[in-house]
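Residue strings, one per chain:
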Amino acid sequence: MPETYVNVALPLPLNKTFTYLVPRELTSLAKIGSRVIAPFGARRLTGFIVEITDKTELEQVKAVEDILDLKPLISREMLKLAGWISGYYLCSLGEVLKSMVPGFFMKASKSMVEICTEEAEIEAAKLEKSAPRQAQTLRYIAKNRKISVNELRRRMGTKSIDSSLNQLESIGLVKVQQFMTSSKLKPRVEKYVRLLPENFDEIKIEVLKKRAAKQASCLRYLQVKKEDILQKELLKQTGSALASLKALEKSNLIRFIQKEVVRDYYGSNNVEEPKPISPNDEQKAALKQIEVPIREERFETFLLFGVTGSGKTQVYIEAIYKTLEKGKDAIVLVPEIALTPQTVARFRAHFKDKVAVLHSAMSSGERLDSWRLLQEGKARVAIGPRSAVFAPLKNVGLIVVDEEHEGSYKQDTSPRYHARDVAVVRAKFAQAVVILGSATPSAESFYNAKTEKYKLIELRRRVNNVPLPDVKILDMHKERRLSGKKETIFSRLLAAKIEEKIARKEQIILLLNRRGFSSYIKCRDCSYIEECEDCQITLTFHLTGHRLRCHYCGFSKRAPDKCAECRGVDIQFRGIGTQRVETELRNQFPKARVVRMDMDTTSGKWSHDKILKEFGEGKYDILLGTQMVAKGLDFHKVTLVGVIDADVGMLIPDFRSSERTFQLLTQVAGRAGRSYLPGEVIIQSYFPHNFCLNCALTHDFIRFFRGEVLERRELMYPPFGRIICLLFSGENELKVKQTAQEFEKALKKQKGYFQILGPTASPIPKIKRRFRWQILLKGDKGRDANGKILKNAIQNAHGMIKEENKAREVRIAIDVDPVSII
């Protein structure tokens, strides 16, 4: 028999596959899309079979150690999609495949280092003068006895310790070994109790009542329920002890059985029946268009452009019904911050146990169960954030991308895919329908609709013809002059409106897209500003714990009482965060019940839901928060929305900053007046005449789009040009700069229709001890429509400098279609 070889994609940043021999005893398991354990240098990794062959030109080929799947984990359809993502986003196929499955499916070996001497301190003392780094490393390993190499690197700093470990191992003081990590995840089983009716009658129950009342109670409960009952539930309902059930089992009246149960993060109990809603005329017209390609099972992309409160979700639900009727499956993508239990409950009310949720906040067991339900076809509607675009459904007929403009759909680590665009491509491969929904579509999506790449559907009115809220923009320069204060948080109008709404027992949402108490602290004597030790960014003051925190790397320290430079005690707190606004609200409106919702108050499980639930129940008058409060909330008593500082984000040097500001303001304004009570919106700004603010004033997306695309056309920004950002990072600033410069020289040798901007230091030049430089490339879509020439130029340039960057001291990240260039 000829040998069997497989080409395997490994989860490494290497754009190639690796050939392995399949041992004869594993040949029958070798299938495209299945996982294998493969040796790679000293390590062992989990990879995916992407090709099977009986020939190889290699002289020496290692064998795979194991094949992990009886059935392929990745379908051929998903493998095709992974190939497209790899080519479009210039990342490795193995990295893409890894991102398509939950992390617990990816086993890998781990390097562990262990001390091999009982006289570590004596040996370290001998090394102290000639090799102090080795001495330090030896002492640390001896202290821990056994530690992973990665953990050792982290604790001793990011400087490489590999040479020290190699030397210590060569003289027998430590031993480095590879251990295979393993997932302990298994299906969850629980014990149930089953009645054996053939073995008892009413007479036995009456007899038991006299001598064993609890046993009789258990039998009666089982008899009434007429189904298997969870053991702990039976004991709770009857007040019995386990001994009673054991006695019944011994008498052959019941049997204990094990049943697999689904771990459900959101809980499937008490799913309410959906409220009967009849689509209005606009919704019916939208559905009429969407139903056609669903019925014909052909690819089509719709942009559902509907004002806030226009009933887009109801359109999604009706379209899912039509999809399921055709025997097809559906995926619903929502931004992570909008994936609330209320959202899930609404879909479950309609589709019951056909809905499975995929979410990073879920435990590994919960994700495993959701994944299996979808893969086995027991669930047919997947809901989740961007990673749910890879839901293992076999027969996708519809993909919904709600709030399609959201930047959170873009992955910020490799593979840097955009879930909205991946959704469109997956649907194209599956001949499915895509609905992109938004009240403020991205410029790219709306341009695609205007050029008929997508079909545009508009919902111009709110449900029940509820009017859009009245919006006012306040000039905070004037307000500060009139109030005589150096810093004003609440304008006089906003303060008066807050008082008015509280008196009427109505509710208020306040937005400030900056958490913490103060943006930074500054010494009045010498102007010193506290910065992060590992990032070139100011530290934010948080009132809780009186601490300074870095929002980029997580560094934290206690806020000083004295200046670190001049020892002065006149410390000034500058800038405003949500904690500061909360404090001012409690001072200025002592009767108001205030709740804050930001990253600091929603880190715990269900904390996000608890805040929204209690606000919806009327336990609070004011909901204060960051952008979390701007998305998808529907509270009928909210009649006032206040934007504390509309300028946050608007003046960032990024070509999308105006677009993001307009979207955020329009979305948060849409939270007001969604029912029978009219809504008001007050936007505070030091730049009240800014174009995007004035478009938000009248909820005028079309006017904003026209103005925005005029600028972008002139500067060749998307949707007219293609943007690719190259980010260079490393611990040695000079090497980072030199690598970026060498890359630029290599790019200039390539032929193509693109413009090179940079290299230059990134707007945030250092994060997590790594210096950052970047090059921005603008491609001409008119002459290079699919970006193939530009991407080839990048790959060629990358290949030219690989030799010089062999040690990989400088990381090069390629971000195709970035949502931010900061």
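The structure displayed is predicted, hence computed values, not measured ones. (Residues numbered from 1 in each chain as written. Predicted model: local features only at pLDDT ≥ 70, side-chain atom pairs only at ≥ 80, totals over all residues. Heavy atoms only, no water.)

Draft legend 1. Region of interest: the sheet that holds strand 29 (residues 680-685). Ordered in space as 19-29-28-20-27-26, the six strands form an open sheet in which the pairing is parallel. Pairing within the sheet leaves two strands with one partner each, and these edge strands are strand 19 (470-475) and strand 26 (594-597). Adjacent strand axes in the sheet meet at a mean angle of 15°, parallel and antiparallel pairs treated alike. Here four bridges tie strand 20 (residues 507-511) to strand 27 (residues 622-625), and the two strands are oriented parallel to one another. Residue pairing in the sheet places Leu 511 in a bridge with Gly 625 of strand 27. With respect to the sheet, helix 20 (residues 607-616) is in contact with strand 20, strand 26, strand 27 and strand 28 (638-643), its orientation differing from that of strand 26 by roughly 145°. (Pairing = 2+ DSSP bridges. Helix = DSSP H or I, 4+ residues; strand = E, 2+ residues; numbered from the N terminus. Axes fitted to C-alpha atoms, helices over the stretch in contact; angles between N-to-C directions. Contact = heavy atoms within 4.5 Å.)

Draft legend 2. Main features of the environment of Ser 491. Inspection of the secondary structure puts Ser 491 in the loop between helix 17 (476-483) and helix 18 (492-503). What makes Ser 491 buried here is its relative accessible area of 0%. For the pair Ser 491 and Ile 683, spaced 192 residues apart in the sequence, the C-alpha separation amounts to 9.8 Å. Sequence-distant contacts of Ser 491, that is, excluding residues within four places in its chain, are made with Leu 474, Met 476, Glu 479 and Gln 684. Reaching out from Ser 491, the side chain makes a polar contact with the backbone nitrogen of Leu 494 at a distance of 3.2 Å. (Buried < 20%, exposed > 50% of the residue type's maximum accessible area, 1.4 Å probe, protein only. Polar contact = N/O pair within 3.5 Å; in protein donor to acceptor, adjacent residues only side chain to side chain.)

Draft legend 3. Structural view of the pattern of salt bridges. A complete count under the given rule lists 58 salt bridges for this structure. Across the salt bridge formed by Asp 534 and Arg 769, the nearest N and O atoms sit 2.9 Å from each other. A residue pair is termed long-range when its members are at least 10 positions apart, and Asp 534 in the loop between strand 21 (520-523) and strand 22 (540-542) and Arg 769 in the loop between strand 31 (754-767) and strand 32 (770-780) qualify at 235 residues. On the accessibility criterion, Arg 769 (40% relative accessible area) is partly exposed. In this structure, a network of salt bridges that share partners links the residues Glu 260, Arg 263, Asp 369, Arg 372, Glu 376 and Lys 378. (Salt bridge = Lys/Arg side-chain N within 4 Å of Asp/Glu carboxyl O.)

Draft legend 4. The arrangement of the packing of aromatic side chains in detail. Summed over all chains, the structure comprises 22 aromatic pairs. Both rings, one in Phe 305 and one in Phe 446, keep their centres 5.5 Å apart while their planes meet at 80°; by these two values the pair is edge-to-face. Remark: Phe 446 occurs in helix 16 (residues 443-450) and Phe 305 occurs in strand 12 (residues 300-306); sequence separation between them is 141 residues. Each member of the pair, Phe 305 together with Phe 446, is buried. Measuring from ring centre to ring centre gives 6.0 Å for Phe 490 and Phe 589, while their planes differ by 70°; the resulting arrangement is edge-to-face. A residue pair is termed long-range when its members are at least 10 positions apart, and Phe 490 in the loop between helix 17 and helix 18 and Phe 589 in the loop between helix 19 (578-588) and strand 26 qualify at 99 residues. Considered together, Phe 490 and Phe 589 belong to a single accessibility category, that of buried residues. Three or more aromatic residues joined by ring pairs make a cluster, and in this case those are Phe 305, Phe 446, Phe 662, Phe 691, Phe 701, Phe 704 and Phe 705. Here the basic side chain of Lys 791 rests over the ring of Tyr 88, its NZ or CZ set 3.4 Å away from the ring centre. (Phe/Tyr/Trp six-rings, centres within 6.5 Å; stacked < 30°, edge-to-face > 60°. Lys NZ or Arg CZ within 6 Å of the ring centre and 35° of its normal.)

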